[in-house]
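If you want the building blocks of each chain, they are given just below.
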Amino acid sequence: MQKRKITEGIHWMGAVDWDRRLFDSLIPLPDGTSYNAYLIEGSEKTALLDTVDPLMADVFLGQLDGGPKIDLIVSHHAEQDHSGTIPHVLERFPEAKVVCTPKAKGMLIDLLRIREDAFLTVADGETLSLGDRTLKFLHTPWVHWPETMVSYLEEERILFSCDFFGSHIAASDLYVTDKGRVYEAAKRYFAEIMMPFRNVIEKNLEKLQPYDIRMIAPSHGQIYREPSWIMDAYLDWVQGAPKNLVVLPFVSMHDSTRRMVDHLVSALAANGVSVEPFNLTVTDTGKLAIVLVDAATIVIGTPTLLAGPHPLAAYAAFLANALRPKAKFLSIVGSYGWGGKTVETLAGMIPNLKVEVLNPVLCKGLPGEEDFRALNDLAATIAAKHKEHGFL
Ligand SMILES: Cc1cc2nc3c(=O)[nH]c(=O)nc-3n(C[C@H](O)[C@H](O)[C@H](O)COP(=O)(O)O)c2cc1C
């Protein structure tokens, strides 16, 4: 992909990574991704906003060929997928200054060994003039590392938001065209990257409120020409009440837990509660994370294995605990052969979740009538709790 014009003197640069299927060795990318950088040419200075993942440095460096001299390299975020190619750009433009928060300076030195005299740190709210264009820097810590900031181009009213509002999508269209697709991808991104910092994201959203934003140009995915659409979605994800929804990650070796899950799904539906089961042997963890954004209740289904939960169920509990969703209730269902500490072990793995733990349902071997009755009771309890809290 060549660099692409947004408006006179402002270009998208970067790389579209159509083939990437895993991020951070953790996050599935069904739609690939892009690493967006932006070039802003002012009457006196030229600024490059972010770079690309070093995996695609060649594509990016090719776009700089024959272009203007870079005076400023703005690093919104020290992570390698945006700042990893800064050392290459500095080799080409040794006089350029790396503009970042004071916190990012230390991190860029640690992570990328950028030389100390290359930096120009900016305070929250500080502006830098490019001549006829002005960049204002807003510190937005924990979006999603401690050093992050965004830039607002005052004259054009464009917010360069880096990971804030990003989505992992590889596309040839520069701007959002299919809102449904972008909504899902942006929510997946939020769930996996931003949700753990929900409260501080909310503060950073408030911080953007006074700005008249015409366009949001993130560092992954497409550019938003209707900023309020994605900002409202973020507001809902951080502030909105949990929904009448149960997320049910489960695993079953010999079908006993599976039968319990099938029964519970029907019982919840009969009680008017929506439920999304995820068989952890085949689950895309991104989909699971998306549902965790809204679910009022988490139920983990697991057999007992070597005296504790199945490792896949432990992984789901660990993930939920790390992502800190807004769920209010949690329960455990599963089957065992002779005994163990499945419930205690799982319950001990979720200290970050502010949940009321509802009575678990464990059965010996295959579930029988009594176990199905217990699952009916659990479904009724969940429905009652959702009603009591206004979710149903
Ligand atoms: C490798 C393995 C280890 C197991 N370890 C335990 C155990 O420590 N305690 C126990 O009560 N049952 C244990 N079981 C028995 C299972 O928990 C039991 O068969 C259960 O019904 C399986 O549920 P599922 O059909 O949902 O996989 C073990 C089973 C397997 C295959």
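Residues numbered from 1 in each chain as written. Predicted model: local features only at pLDDT ≥ 70, side-chain atom pairs only at ≥ 80, totals over all residues. Heavy atoms only, no water.

Colleague: What is the right way to look at the sheet that holds strand β12 (residues 149–153) in this model?
Modeller: By definition, the strands of a sheet pair up through backbone hydrogen bonds, in either a parallel or an antiparallel sense. In spatial order, the strands read β10-β11-β12-β13-β14; together these five strands make up an open sheet with mixed pairing. Among the strands making up the open sheet, the edge pair consists of β10 (127–129) and β14 (215–218). Averaged over neighbouring strand pairs, the angle between their axes works out to 25° when direction is ignored. Bridge count between strand β11 (residues 134–139) and β12: five bridges; the pairing is antiparallel. By the bridge assignment, phenylalanine 137 is partnered in β12 with serine 151. (Pairing = 2+ DSSP bridges. Helix = DSSP H or I, 4+ residues; strand = E, 2+ residues; numbered from the N terminus. Axes fitted to C-alpha atoms, helices over the stretch in contact; angles between N-to-C directions.)

Colleague: What exactly am I supposed to notice about the pattern of salt bridges here?
Modeller: If the charged atoms of two oppositely charged side chains come close together, the side chains can form a pair. With the rule as written, the count across this model stands at 18 salt bridges. Measuring nitrogen to oxygen at the nearest pair gives 2.7 Å for the salt bridge that ties arginine 115 to aspartate 117. Note on aspartate 117: relative accessible area 52%, which makes it exposed. By sharing partners, the salt bridges in this structure join Lys187, Asp236, Lys243 and Asp294 into a single network. (Salt bridge = Lys/Arg side-chain N within 4 Å of Asp/Glu carboxyl O. Buried < 20%, exposed > 50% of the residue type's maximum accessible area, 1.4 Å probe, protein only.)

Colleague: Honestly, the UniProt feature "domain: Flavodoxin-like" (unreviewed entry) in the chain in this entry has me stumped. Any pointers?
Modeller: The UniProt record annotates "domain: Flavodoxin-like" (unreviewed entry) at residues 246–383. Counting secondary structure, residues 246–383 comes out at 43% helix and 26% strand; the distance between its end C-alpha atoms is 10 Å. (UniProt positions renumbered as here; feature names shortened; annotations may be inferred.)

Colleague: What should I look at first to understand the packing of helix α5 (residues 179–194) against helix α9 (residues 285–294) in this one?
Modeller: Two measures define how a pair of helices packs: the angle their axes make with one another and the distance between the axes. Close contact between α5 and α9 brings their axes to 8 Å; oriented N to C, the two are set at 85°. Between α5 and α9, the crossing angle belongs to the class labelled roughly perpendicular. Contact with α5, carried on its side by Glu184, Lys187, Arg188, Phe190, Ala191 and Glu192, involves Thr285, Gly286, Lys287, Ala289, Ile290, Val293 and Asp294 of α9 and no other residues of that element. Looking at the contact of α5 with α9 residue by residue, the class counts come to five nonpolar, two polar and six charged. (Parallel < 35°, antiparallel > 145°, perpendicular 65-115°, else oblique. Contact = heavy atoms within 4.5 Å. Nonpolar A, V, L, I, M, F, W, Y, C, P; charged D, E, K, R; others polar.)

Colleague: Can you help me understand the nonpolar core in this one?
Modeller: For soluble globular proteins, nonpolar side chains are generally found buried alongside one another. Within the largest apolar cluster, 90 residues are counted, with the highest numbers of intra-cluster contacts made by Phe165, Ile230 and Tyr234. Built from parts of two domains, this core gets at least three residues from each of domain 1 (4–239) and domain 2 (243–387). Tyrosine 234 has contacts with Asp163, Phe164, Phe165, Gly166, Phe190, Met194, Ile201 and Leu205, leaving out every residue within four places of it along the chain. Listed in part, the 26 residues of the second largest apolar core include Ile10, Leu128, Phe160 and Ala170. (Core = buried A, V, L, I, M, F, W, Y, C linked by side-chain atoms within 4.5 Å. Domains from an automatic or database assignment.)

Colleague: Is there a simple way to explain the sheet that holds strand β5 (residues 33–41) in this structure?
Modeller: Spatially, the seven strands line up as an open sheet ordered β1-β2-β5-β6-β7-β8-β9, and their pairing is mixed. At either margin of the open sheet sits one strand with a lone partner, and together these are β1 (4–7) and β9 (119–121). For this sheet the average axis-to-axis angle between neighbouring strands, irrespective of direction, equals 25°. Sheet topology places β5 next to strand β6 (residues 46–49); four bridges connect them, and they run antiparallel. Directly across from glutamate 41, in β6, lies its bridge partner threonine 46. Here helix α1 (residues 57–64) sits on the sheet and contacts β2 (10–17), β5 and β6; the angle it forms with β2, its principal contact strand, is near 155°.

Colleague: Sorry, what's going on with the domain arrangement of the chain here?
Modeller: Quoted interface sizes are often the accessible area lost when the parts come together. Along its sequence, the chain is organised into domain 1 (4–239) and domain 2 (243–387). Spacing between the C-alpha centres of domain 1 and domain 2 amounts to 38 Å. At the interface, 16 residues of domain 1 touch 16 residues of domain 2. At the boundary of domain 1 with domain 2, total buried surface from both sides reaches about 1,300 Å², with 56% on carbon and sulfur atoms. On the domain 1 side of the contact with domain 2, Lys187, Arg188 and Met195 bury the most area, a combined 36% of that side's loss. Here glutamate 184 and lysine 287 are joined by a salt bridge, their closest N and O atoms 3.0 Å apart. In this assembly, domain 1 and domain 2 are joined by six residue pairs in polar contact (both at pLDDT 80 or more). Among the secondary structure elements, those contributing two or more residues to the side of domain 1 that touches domain 2 are α5 and α7 (227–239). The leading source of residues in the side of domain 1 that touches domain 2 is α5, at six residues. Tallied by class, residues from the side of domain 1 that touches domain 2 come to nine nonpolar, one polar and six charged. (Buried area = accessible area lost by both parts, 1.4 Å probe. Polar contact = N/O pair within 3.5 Å; in protein donor to acceptor, adjacent residues only side chain to side chain.)

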